[in-house]
Amino acid sequence: QPIGALLLEHCRITKEEENVFSISFIEEPERKYCFECDSEEQCQEWIEALKRASYEFMRRSLIFYRNEIQKMTGKDPLEQYGISEEARFQLGTRKQ
């Protein structure tokens, strides 16, 4: 049975030691969870899967593919879904 759930936003996934990785949160660096895996391979698989599951990764992917499709077709692929200009603007790259 699960003992809880973590919202994986604004978090950092870090390789700690052999077969161990941690999840910490940027706004709360003292809040850190460590996970031990059965093997180094399994540990790397978890790290990659968690990184790909984040909102930030998905947002960057959406922006990248949207731009690629627009370059290839000359059309904004979000137009067909009636997404407003304001929403499209939010998908633009943020200056950091």
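Details of the structure are given in the entry above.
Keep in mind that what you see is a predicted model, and the values were worked out from it rather than measured.

Cut-off values and rules
- Residues numbered from 1 in each chain as written.
- Predicted model: local features only at pLDDT ≥ 70, side-chain atom pairs only at ≥ 80, totals over all residues.
- Heavy atoms only, no water.
- Patch = residues over 30% accessible without salt bridge, like charges linked within 9 Å, V, L, I, M, F, W, Y side chains within 5 Å.
- Areas by Shrake-Rupley, 256 points an atom, 1.4 Å probe, with all protein chains shown as cover.
- Salt bridge = Lys/Arg side-chain N within 4 Å of Asp/Glu carboxyl O.
- Helix = DSSP H or I, 4+ residues; strand = E, 2+ residues; numbered from the N terminus.
- Disulfide = S-S within 2.5 Å.
- Buried < 20%, exposed > 50% of the residue type's maximum accessible area, 1.4 Å probe, protein only.
- Lys, Arg positive; Asp, Glu negative; His and termini not counted.
- Charge placed at Lys NZ, Arg CZ, Asp CG, Glu CD.
- Expected span 1.5 Å × (residues − 1).
- Arc of directions from axis to C-beta.
- Phe/Tyr/Trp six-rings, centres within 6.5 Å; stacked < 30°, edge-to-face > 60°.
- Lys NZ or Arg CZ within 6 Å of the ring centre and 35° of its normal.

(A) Inspection of a nonpolar patch on the surface at higher detail. A surface patch of nonpolar side chains, amounting to about 320 Å² of accessible area, comprises Phe-64, Tyr-65 and Ile-69. Within the fold, Tyr-65 resides in helix H2 (residues 55-73).

(B) Structural detail: the state of the cysteines. One pass over the structure, following the stated rule, counts zero disulfides. The structure places no disulfide on Cys-43, whose sulfur is separated from the nearest cysteine sulfur, that of Cys-37, by 4.3 Å. A relative accessible area of 0% places Cys-43 in the buried class.

(C) Inspection of the pattern of salt bridges at higher detail. Evaluation of the coordinates by the stated rule reveals five salt bridges. With a shortest N-O distance of 3.1 Å, Asp-76 and Arg-66 are connected by a salt bridge. Taken together, the positions of Asp-76 in the loop between H2 and helix H3 (85-91) and Arg-66 in helix H2 put the pair 10 residues apart, joining distant regions of the chain. We classify Arg-66 as buried; its relative accessible area is 12%.

(D) Fine view of a negative patch on the surface. Taken together, the side chains of Glu-17, Glu-18, Glu-36 and Asp-38 make up a negatively charged region of the molecular surface. Relative to the elements of secondary structure, Glu-18 occurs in the loop between strand E1 (11-17) and strand E2 (20-25).

(E) Main features of H2. The end-to-end C-alpha distance of H2 is 27 Å, a good match for the 27 Å that 19 residues give at a rise of 1.5 Å each. Looking at H2, one finds that the buried residues are Arg-59, Ile-63 and Arg-66. Down the axis of H2, the smallest arc covering the buried residues is 65°, so these residues share one side. Residues of H2 that are exposed and point more than 90 degrees away from the buried face comprise Arg-60, Tyr-65, Lys-71 and Met-72.

(F) Spatial organisation of the packing of aromatic side chains. Throughout the structure, instances matching the rule amount to three aromatic pairs. Pairing Phe-21 with Phe-35 gives two aromatic rings, centres 5.3 Å apart and planes at 20°, and the pair type is stacked. Of the two residues, Phe-21 is situated in strand E2 and Phe-35 in strand E3 (residues 32-36); the sequence distance between them amounts to 14 residues. Between Phe-25 and Tyr-33 the ring centres are 6.4 Å apart and the planes differ by 90°, which places this aromatic pair in the edge-to-face class. Tyr-33 gets classed as partly exposed once you look at its relative accessible area, which sits at 32%. The ring centre of Phe-25 lies 4.1 Å from the NZ or CZ of Arg-31, which sits over that ring.

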